[in-house]
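Now for the letters of each chain:
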Amino acid sequence: GAGVSQSPSNKVTEKGKDVELRCDPISGHTALYWYRQSLGQGLEFLIYFQGNSAPDKSGLPSDRFSAERTGGSVSTLTIQRTQQEDSAVYLCASSLAVGTGGIYEQYFGPGTRLTVT
Amino acid sequence: AQKVTQAQTEISVVEKEDVTLDCVYETRDTTYYLFWYKQPPSGELVFLIRRNSFDEQNEISGRYSWNFQKSTSSFNFTITASQVVDSAVYFCALKEGGGSNYKLTFGKGTLLTVNP
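Scoring rules and cut-offs
- Residues numbered from 1 in each chain as written.
- Chains lettered and ligands numbered in written order.
- Predicted model: local features only at pLDDT ≥ 70, side-chain atom pairs only at ≥ 80, totals over all residues.
- Heavy atoms only, no water.
- Helix = DSSP H or I, 4+ residues; strand = E, 2+ residues; numbered from the N terminus.
- Rg over C-alpha atoms; globule rule 2.2 N^0.38 Å.
- Buried < 20%, exposed > 50% of the residue type's maximum accessible area, 1.4 Å probe, protein only.
- Contact = heavy atoms within 4.5 Å.
- Areas by Shrake-Rupley, 256 points an atom, 1.4 Å probe, with all protein chains shown as cover.
- Lys, Arg positive; Asp, Glu negative; His and termini not counted.
- Charge placed at Lys NZ, Arg CZ, Asp CG, Glu CD.
- Disulfide = S-S within 2.5 Å.
- Pairing = 2+ DSSP bridges.

Colleague: What exactly am I supposed to notice about the overall build of chain A here?
Modeller: For chain A, the count of helices and strands is zero helices and eleven strands. Taking 2.2 N^0.38 as the reference for a compact globule, 117 residues should give roughly 13 Å; the C-alpha atoms of chain A span a radius of gyration of 14 Å, in line with that estimate. Dimensions of chain A, computed from the C-alpha atoms along their principal axes, are close to 40 × 30 × 25 Å. Across the 117 residues that make up chain A, the buried fraction comes to 49%. Long-range pairs, those at least 24 residues apart, make up 56% of the contacts in chain A with a sequence separation of at least 6. Roughly 5400 Å² of accessible area belongs to chain A as shown, and the carbon and sulfur atoms make up 45% of that amount. Here chain A contributes 10 positively and 11 negatively charged side chains, and the mean placements of these two sets differ by 4 Å.

Written out as structure tokens, the structure is:
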């Protein structure tokens, strides 16, 4: 079956512009995660969705970052007024669920490479 | 707080050599899960293995094996008879237990280069 897909694969934007990154999880996966991978910071957790709700947004680096998920499927990560330090690869992952005693592997998409000039 | 340390930033070996990637973790939970992921040059993280804290049995899958030792808080990964296709960045990750805990904490990764 299809894996996690992300679009665009590459995005170059000017400082100060807004960008939207999209993630399509594996069909049937109710949990969705966003991570950021940058040279200096490694892989950082940003936000997680269970269904359409995001119980914990504390990983988002600033209030310029927001994310939403609609229909329990596609998610969009939006970065407003981009800064050069936002340049990174943004990775999306999905898993079957997260629940008491449950642990499901997270399957990752190919990422969106964001470059802010 | 949870933490994963991969002390080896880069390793370079010649094909057919065995190589071990180290992973040391810190957690206060008694229930936790450990993972290894592979990130080839294409960029997509590929899940390799998951172990839970109650199962210290080592695991072998083909040329891959994992050594989990709670006494030293380590979860090391060995590739036997390495191949060029094994060249990638390998990440060790930790998830603390509890149904509401969903976050994977990753190590910084180890870049493995297998030369022909």
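Colleague: Honestly, the state of the cysteines in this entry has me stumped. Any pointers?
Modeller: Put plainly, two cysteines are in a disulfide when a covalent bond ties their sulfur atoms together. All names here are of chain A. Within the structure shown, the criterion is met by two disulfides over all chains. Paired through a disulfide, Cys23 and Cys92 show a sulfur-sulfur distance of 1.8 Å. Since a negative S-S torsion denotes a left-handed disulfide, the Cys23-Cys92 link at about -65° is left-handed. Residue Cys23 is located in strand E3 (residues 19-24), and its partner Cys92 is located in strand E9 (residues 88-95); the two are separated by 69 residues in the primary sequence. What makes Cys23 buried here is its relative accessible area of 0%.

Colleague: Sorry, what's going on with the pairing of strand E11 (residues 112-116) of chain A here?
Modeller: Looking along a regular strand, one sees the side chains alternate between the two faces of the sheet. All names here are of chain A. The alternating pattern of E11 places Thr112, Leu114 and Val116 on a buried face and Arg113 and Thr115 on a face that is not buried. Alignment of strand E2 (residues 10-13) against E11, held across four bridges, turns out to be parallel. Note that in E11 the partner of Lys11 across the bridge is Leu114. When E9 meets E11, the two strands line up antiparallel, connected through three bridges. Bridging across to E11, Val89 finds its partner in Arg113.

Colleague: What is the right way to read the side chain of Arg36 of chain A from this model?
Modeller: All names here are of chain A. Take Arg36: it is sitting in strand E4 (residues 31-38). By relative accessible area, Arg36 is classed as buried at 9%. For Arg36, the residues in contact, after removing those within four places along its chain, are Gly42, Leu43, Glu44, Leu46, Pro61, Phe65, Glu85, Asp86, Ala88, Val89 and Tyr90.

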